[in-house]
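Descriptive analysis of the structure
Each chain, written out:
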Amino acid sequence: MTAESASSITQRQHYDIVIAGGGMVGVSLACALAAADKENTLSILLVDNFPAMHLSGDQSPSGAIYHPSFDARSIALSSSSIDIFESLGVLPELLKHASPIRQVHVSDRGHMGSTLLDAAEQNKKSFGYVIENQWLGAVLLNRLNDFPTIELLTGACVSNVTPKQAGVSVDVVGLKQDVKTQESGSKNATVDASLLVVADGAQSGLRDSLGITASVTRYDQRAIVANVQTQLPHNGQAFERFVADGAVAFLPLIDLPNSKNRSTLVWTMPITVDAVDDKAKLDDAEFVAELQKAFGYRLGKIQRIGQRQSYPLALTLADEVVRNHIVLMGNSAHSLHPVAGQGFNLSLR
């Protein structure tokens, strides 16, 4: 690769850090590294294979951005994650579209009693906040523009990692579209990096190409995720209800002008081959009826449900997380069951 062809897709031939994967983990890491680099001496290349989209920090979540990591799902950010985002200077923007979790109500269907955790009783404003992924993505990606040492390439991927004495050499393959400059091109580049961060998700192709195996334990469960509208306001309450074959969680969302009393649903249930028992295949009215039966009437009647998405669940642990000049982060290193809500929060910590 000549210097001329390399410059057509990257600004440099050597970077201190190359981050493969521009989802929530990769973008957060890039911002954290740049924010800690007070002298602006750390060169960072963030490479993502999803094409660049319009970014805006001022729009509603539905119009902010689409990205596989920043899709219609929502995420519950713990107090420690809130502190991290405050240190990155993005918390005021995040909180514009975040609902505080003031109480957590835990129950077990068919058993007496329940547990209520109240943030005020622990002298806290909240246990955390629930934010839609699209808004989180818009805020984080806009924050990248504030750091001159971060170069973002979209529609590209990292491949062919070659160890070197003081780092690694990698190929950056695909279409260039620099979000900051809007320059585009189609040539590839070979660059050197002192550190390669692999953050391209649970099905990490880069991890596999490095020969790093992962231990996978399948739960034989799926998570059905959707936004719901209820008869009663949630008042900052999150609900976790354990049922015979899984768990139903309602997490509070902010109101929108045309949609009040919103929560995000995460319903874990067995994967079944019997179509008669497969709730994922029910129409909306039938699904809502089953959901109402499982969750009860803590928020009154479930009035509307948005688009449903289904995800198989597994525990994935990479058998090797750190190698010379290479580190795995996020779901490429570990993916967990969502019942504890620790996946992204663990990655941030």
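Presented here is an overview of the structure given in this document.

Some details on a nonpolar patch on the surface
On the surface, Leu317, Leu336 and Leu346 cluster together into a nonpolar patch covering about 210 Å² of accessible area. Position of Leu346 relative to the elements: it lies in helix 8 (residues 343-348). Residue Leu346 is classed as partly exposed on the basis of its relative accessible area of 31%.

A word on the pairing of strand 3 (residues 74-78)
Most of strand 3 is tucked away: four of the five residues are buried. Sheet analysis places strand 3 next to strand 7 (residues 128-132), joined by five bridges and oriented antiparallel. Within strand 7, the position partnered with Ser74 by the bridge is Glu132.

Remarks on the environment of Ile150
With respect to the element layout, Ile150 can be found in strand 8 (residues 150-154). The buried category is assigned to Ile150, whose relative accessible area is 4%.

Thoughts on the environment of Gly21
Looking at the element boundaries, Gly21 is found in the loop between strand 1 (14-20) and helix 2 (24-36). With relative accessibility at 8%, the residue Gly21 sits in the buried group. As a C-alpha pair, Gly21 and Ala156 span 135 residues in sequence and 9.6 Å in three-dimensional space. Once you skip the residues sitting within four places of it in the chain, Gly21 turns out to touch Gly26, Leu46, Val47, Asp48, Ala199 and Asp200.

Looking at the nonpolar core
Counting 37 residues, the largest nonpolar core has Ile19, Phe85, Ile131, Leu136, Leu144 and Phe344 as its most contacted members. Of all the elements, helix 2 adds the most residues to this core, at eight residues. Within the second largest apolar cluster, 25 residues are counted, among which are Leu45, Leu153, Val191 and Ala318.

Quick word on the pattern of salt bridges
Scanning all chains against the criterion turns up eight salt bridges. Among the ionic pairs, Lys293 bridges to Glu290, the shortest N-O distance being 3.5 Å. Residue Lys293 and its partner Glu290 are both found in helix 7 (residues 284-295); the two are separated by three residues, about one turn of the helix. Its relative accessible area of 26% is what places Glu290 among the partly exposed residues. Its salt-bridge partner being Glu320, residue Arg323 comes within 3.0 Å of it at the nearest N-O pair.

Notes on the side chain of Ser347
When you line up the elements, Ser347 lands in helix 8. Since its relative accessible area comes to 12%, Ser347 is described here as buried. Beyond its immediate chain neighbours, meaning those up to four positions away, Ser347 contacts Val25, Met329, Gly330 and His334.

Details of the sheet that holds strand 7
Across the sheet, three strands lie side by side as 3-7-4; this open sheet has antiparallel pairing. The open sheet has two free edges, formed respectively by strand 3 and strand 4 (98-100), since each of these has just one partner strand. On average, adjacent strands in this sheet sit at an angle of 25 degrees to one another, irrespective of strand direction.

What to know about the pairing of strand 17 (residues 262-270)
Across the nine residues of strand 17, seven count as buried, placing the element largely inside the fold. For strand 14 (residues 214-230) and strand 17, the ladder comprises nine bridges, and the chain directions are antiparallel. Counterpart to Val228 in the pairing with strand 17 is Ser263. Sheet analysis places strand 16 (residues 246-252) next to strand 17, joined by six bridges and oriented antiparallel.

Concerning the packing of helix 2 against helix 5 (residues 133-144)
For the pair helix 2 and helix 5, the least separation of the axes is 10 Å and the interaxial angle reads 35 degrees. In terms of crossing hand, the pair formed by helix 2 and helix 5 is left-handed. Listed contacts from helix 5 to Met24, Val27, Ser28, Ala30 and Cys31 of helix 2 are Asn133, Leu136, Leu140, Leu141, Arg143 and Leu144. For the contact of helix 2 with helix 5, the residue count by class is eight nonpolar, two polar and one charged.

Here we look at the packing of aromatic side chains
All told, the structure shown has four aromatic pairs when counted by the stated rule. Taking the centre distance of 5.5 Å and the plane angle of 90 degrees together, the rings of Phe239 and Phe295 count as edge-to-face. Of this pair, Phe239 sits in strand 15 (residues 237-243) while Phe295 is found in helix 7, placing the two residues 56 residues apart along the sequence. Each member of the pair, Phe239 as well as Phe295, is classed as buried. Grouping aromatic residues by their ring pairs yields a cluster made of Phe239, Phe250 and Phe295. Directly above the aromatic system of Tyr15 lies the positively charged group of Arg12, at a separation of 5.9 Å from the ring centroid.

How each quantity is defined
- Residues numbered from 1 in each chain as written.
- Predicted model: local features only at pLDDT ≥ 70, side-chain atom pairs only at ≥ 80, totals over all residues.
- Heavy atoms only, no water.
- Patch = residues over 30% accessible without salt bridge, like charges linked within 9 Å, V, L, I, M, F, W, Y side chains within 5 Å.
- Areas by Shrake-Rupley, 256 points an atom, 1.4 Å probe, with all protein chains shown as cover.
- Salt bridge = Lys/Arg side-chain N within 4 Å of Asp/Glu carboxyl O.
- Helix = DSSP H or I, 4+ residues; strand = E, 2+ residues; numbered from the N terminus.
- Buried < 20%, exposed > 50% of the residue type's maximum accessible area, 1.4 Å probe, protein only.
- Pairing = 2+ DSSP bridges.
- Contact = heavy atoms within 4.5 Å.
- Core = buried A, V, L, I, M, F, W, Y, C linked by side-chain atoms within 4.5 Å.
- Axes fitted to C-alpha atoms, helices over the stretch in contact; angles between N-to-C directions.
- Left-handed = near helix turned anticlockwise from the far one by under 90°.
- Nonpolar A, V, L, I, M, F, W, Y, C, P; charged D, E, K, R; others polar.
- Phe/Tyr/Trp six-rings, centres within 6.5 Å; stacked < 30°, edge-to-face > 60°.
- Lys NZ or Arg CZ within 6 Å of the ring centre and 35° of its normal.

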